[in-house]
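# Architecture at a glance
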Amino acid sequence: MTVRVRFAPSPTGHLHVGGARTALFNWLFARKSEGVFVLRIEDTDRERSSDAMTEAILHALRWLGLDWDEGPFFQSQGLSRHQADAQRLLESALAYRDFSTPEEVARDREALIRAGRGYRPARDRADALGPEEETRRVEAGVPYAIRFRVRPGETVWEDLVHGITRFNNEDIDDLTILRSDGTPTYNLAVVSDDAEMGITHVIRGDDHLSNTPKQILLYQALGKSVPVFGHVPMILGPDGKRLSKRHGATSIAEYEDQGILPGAMVNFLALLGWNPGDEQEIFELPEIVERFTVERILKKSSVFDLEKLSWLTGRHLSRTPASRLEPLVTERFARSGKTSPEALTGRMDWYLGLIGLLKERARSLDDIVEQGMAYVLHEVVYEEAAVSKHWKDPQWASAALDRLGERLSGCPWLPEDLESELRGLAADLGVGAGRLIHPLRVALTGQAVSPGIFDVMVLLGRERTLGRIGRAVSAMRSKGKG
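Summarised in this report is the structure supplied together with it.

What counts, and at which threshold
Residues numbered from 1 in each chain as written. Predicted model: local features only at pLDDT ≥ 70, side-chain atom pairs only at ≥ 80, totals over all residues. Heavy atoms only, no water. 1 Å grid on protein atoms, 1.4 Å probe; cavity = no way out; pocket = protein on both sides within 12 Å on 5 of 7 lines; lining within 4 Å. Points joined across faces, edges and corners; volume = space filled by probe spheres on them. Helix = DSSP H or I, 4+ residues; strand = E, 2+ residues; numbered from the N terminus. Nonpolar A, V, L, I, M, F, W, Y, C, P; charged D, E, K, R; others polar. Axes fitted to C-alpha atoms, helices over the stretch in contact; angles between N-to-C directions. Parallel < 35°, antiparallel > 145°, perpendicular 65-115°, else oblique. Contact = heavy atoms within 4.5 Å. Pairing = 2+ DSSP bridges. Core = buried A, V, L, I, M, F, W, Y, C linked by side-chain atoms within 4.5 Å. Buried < 20%, exposed > 50% of the residue type's maximum accessible area, 1.4 Å probe, protein only. Right-handed = clockwise from strand over helix to strand, strands pointing away.

For the rest of this paragraph, the subject is the layout of surface pockets. Empty space among the atoms becomes apparent when a probe as large as a water molecule is rolled across them. In this structure, the largest pocket encloses a volume near 1,100 Å³. In terms of lining residues, the largest pocket is bounded by 41 residues, among which Pro-9, Ser-10, Gly-19, Asp-207 and His-208 are the most central. Sorting the residues of the lining of the largest pocket by element identifies β1 (4–7), α1 (17–32), α7 (186–196) and β9 (201–205) as the ones contributing at least two each. For the lining of the largest pocket, the element with the most residues is α1, which contributes five residues. Classifying every residue of the lining of the largest pocket gives 14 nonpolar, 16 polar and eleven charged. Each pocket or cavity is described by its volume, and for the second largest pocket that value is around 330 Å³. Lining the second largest pocket are 16 residues, and of these Glu-370, Met-373, Ala-374, Glu-383 and Gln-447 lie nearest its centre. Examining the composition of the lining of the second largest pocket, we find that six residues originate from one element, helix α16 (residues 365–376), more than from any other. Partitioned by chemical class, the residues of the lining of the second largest pocket number eight nonpolar, three polar and five charged.

So, in structure tokens, the structure goes:
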């Protein structure tokens, strides 16, 4: 049997973290099984669905590297099949027409709370009509929905994640499968579509757990093969509640905008509910495919940890060659409006050296750009906090940097020679090297943190380094006079 799985997002909003993890687990299962990953857009909510949201979902999947084998199919294109399936159930007495008025539905809702299990007032009214009255109402154009008759007993399946799972059918109301306007409800449309597409395994979130017995009953009533189901625990926020917008960015598009690497996002999503079986945490996508098994999907909910995502992005940045990061970084530099792509790529070797230097400490692509501005722009912008901390004695710092500039002016421009000169001056001044390095870092980058200062000096070159030291000395002396 060829494994066929599907991801079926609704184009009523962006692809969010929970949906992206569902897509990933289905994709991984398909790739590991040499199966088929089907993409279906569930666009039956015509008022809230949009082409823009569909394209945003497709873009997010492409960004994550989750290519699909078939589709995208659109659920709305199966309307006639959905209606035909509902009609088949109606004709075989496995469903019935529900002529309930809005007032009756409201009363039913209150009565159901009091009556509890097994109370089905809509079915009682339908059965009490008799065939002649039912025919008369249909011919008179009285609107009706079609409800599925839930049979007595118990619905049982072996869940890929939770094992044997049971639902008492008395706890399931006769579900509406076709609305009075002729449109299908979620459960009928999903069963009809999955059966038509030959889906063999359905992997989705725990929030769909209560839908599964309804869908199994529909599969059986329609004479269709029931797929294997697996329900993945929900993702929680740090407060232990279901992840939502109040916990920060939750759509994949937002993380892309923030400069998170797609490989880091996939790595992070995989670990949100899957255990590789050892202590390894950094994975490339092919490694995850090789090691993924549904048996290692966790039964307990995972907590969304932004700090972990940031850390993983840092690790992926450090592992990624500068040449692969260059287009992404260049785009973000250009977006800032402070420099042009041509100004950067026109000196490509230097530019790749800059990216290579900055990516080791960065936690996002935006970090590289933010830190990189000190290198690509002519003027240095001094961070107020860095100045307050490291130039707090401007008289001493300016004199020390002035002497350092003199010593460096004739020095070979290699890291080991630059370090020797700085440490020699520190010894002459009777201070540790850090006493010089910190004010020098602010002078060269405007920032309190940077890559190794001697690597920074080599990257800037002799002329720019000495020029920035001179401007810093002037700035500190002006500050000292003030």
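Next comes the rest of the description.
Now for the packing of helix α3 (residues 79–91) against α7. Axes are the key here: two packed helices are described by the angle between their axes and the distance separating the axes. Contact geometry for α3 and α7: axes closest at 10 Å, N-to-C directions at 105°. With respect to each other, α3 and α7 are oriented roughly perpendicular. Along the contact surface, α3 presents Arg-81, His-82, Asp-85 and Ala-86, while α7 presents Leu-188, Ala-189, Ser-192, Asp-193 and Glu-196. Each residue belonging to the contact of α3 with α7 can be placed in one class, and the counts come to three nonpolar, two polar and four charged.

What follows covers the sheet that holds strand β3 (residues 70–74). Read across the open sheet, the three strands follow the order β1-β2-β3; overall the sheet is parallel. Strands with a single pairing partner mark the edges of an open sheet, and in this sheet they are β1 and β3. Recorded for the sheet is a direction-independent mean angle of 25° between the axes of neighbouring strands. Looking at chain direction, β1 and strand β2 (residues 36–41) are connected through four bridges and run parallel. Residue pairing in the sheet places Arg-6 in a bridge with Val-38 of β2. Contacting β1, β2 and β3, helix α2 (residues 51–64) crosses the sheet at an angle of about 155° to β2.

What follows is about the nonpolar core. Nonpolar side chains tend toward joint burial in soluble globular proteins. Counting 53 residues, the largest nonpolar core has Val-329, Tyr-375, Leu-440 and Met-457 as its most contacted members. Listed by contribution, the elements that provide at least two residues to this core are α13 (322–336), α15 (348–358), α16, α17 (384–390), α18 (394–408), α19 (415–429), α20 (433–445) and α21 (453–481). No other element matches α21, which puts ten residues into this core. In this structure Val-329 touches Tyr-351, Ile-355, Leu-365, Ile-368 and Val-369, once residues within four positions along its chain are discounted. In this structure, Val-17, Leu-64, Ile-235 and Ile-288 belong to the second largest nonpolar core, which totals 51 residues.

Pairing is antiparallel across the open sheet formed by three strands, whose spatial order is β4-β5-β8. Sheet topology places β4 (95–98) and β8 (176–178) at the edges, where each strand pairs with a single neighbour. Neighbour-to-neighbour, the strand axes of this sheet turn through a mean angle of 40°, independent of strand direction. Examined bridge by bridge, β4 and strand β5 (residues 145–148) share four bridges and lie antiparallel to one another. Bridged to Asp-98 within β5 is Ala-145. Seen against the sheet, helix α5 (residues 121–129) touches β4 and β5 and runs at an angle of roughly 85° to β4.

Taking burial as the measure, the five residues of β9 include five buried ones, the bulk of the element. Relative to strand β10 (residues 228–232), β9 runs parallel, the two sharing five bridges. What sits directly across from His-201, in β10, is Val-228. Read as a crossover between parallel neighbours, the route from β9 over helix α8 (residues 211–222) to β10 is right-handed.

Here the focus is unusual backbone geometry. Going from Gly-71 to Pro-72, the amide bond is cis rather than trans, its omega being 5°. For Pro-72, the location among the structural elements is in strand β3. Not every positive phi belongs to a glycine, and Glu-34 is a case in point at roughly 55°. Along the chain, Glu-34 falls in the loop between α1 and β2. Located in the positive-phi region is Ala-93, a residue other than glycine, with phi close to 65°.

On to the environment of Phe-7, then. Within the fold, Phe-7 resides in strand β1. For Phe-7, a relative accessible area of 6% translates into the label buried. Linking Phe-7 and Val-36, residues 29 residues apart in sequence, is a C-alpha distance of 11 Å. Those residues in contact with Phe-7, other than ones at most four positions away along the chain, are Leu-15, Gly-19, Thr-22, Ala-23, Phe-37, Val-38, Leu-39, Arg-40 and Leu-61.

The next point concerns the packing of α3 against α8. Where α3 contacts α8, the two axes come as close as 10 Å, and the packing angle between them is 75°. What the angle tells us is that α3 and α8 run roughly perpendicular. For the pair formed by α3 and α8, the contact residues are Asp-85, Arg-88 and Leu-89 on the first element and Leu-218, Ala-221 and Leu-222 on the second. Partitioning the contact of α3 with α8 into residue classes produces four nonpolar, no polar and two charged.

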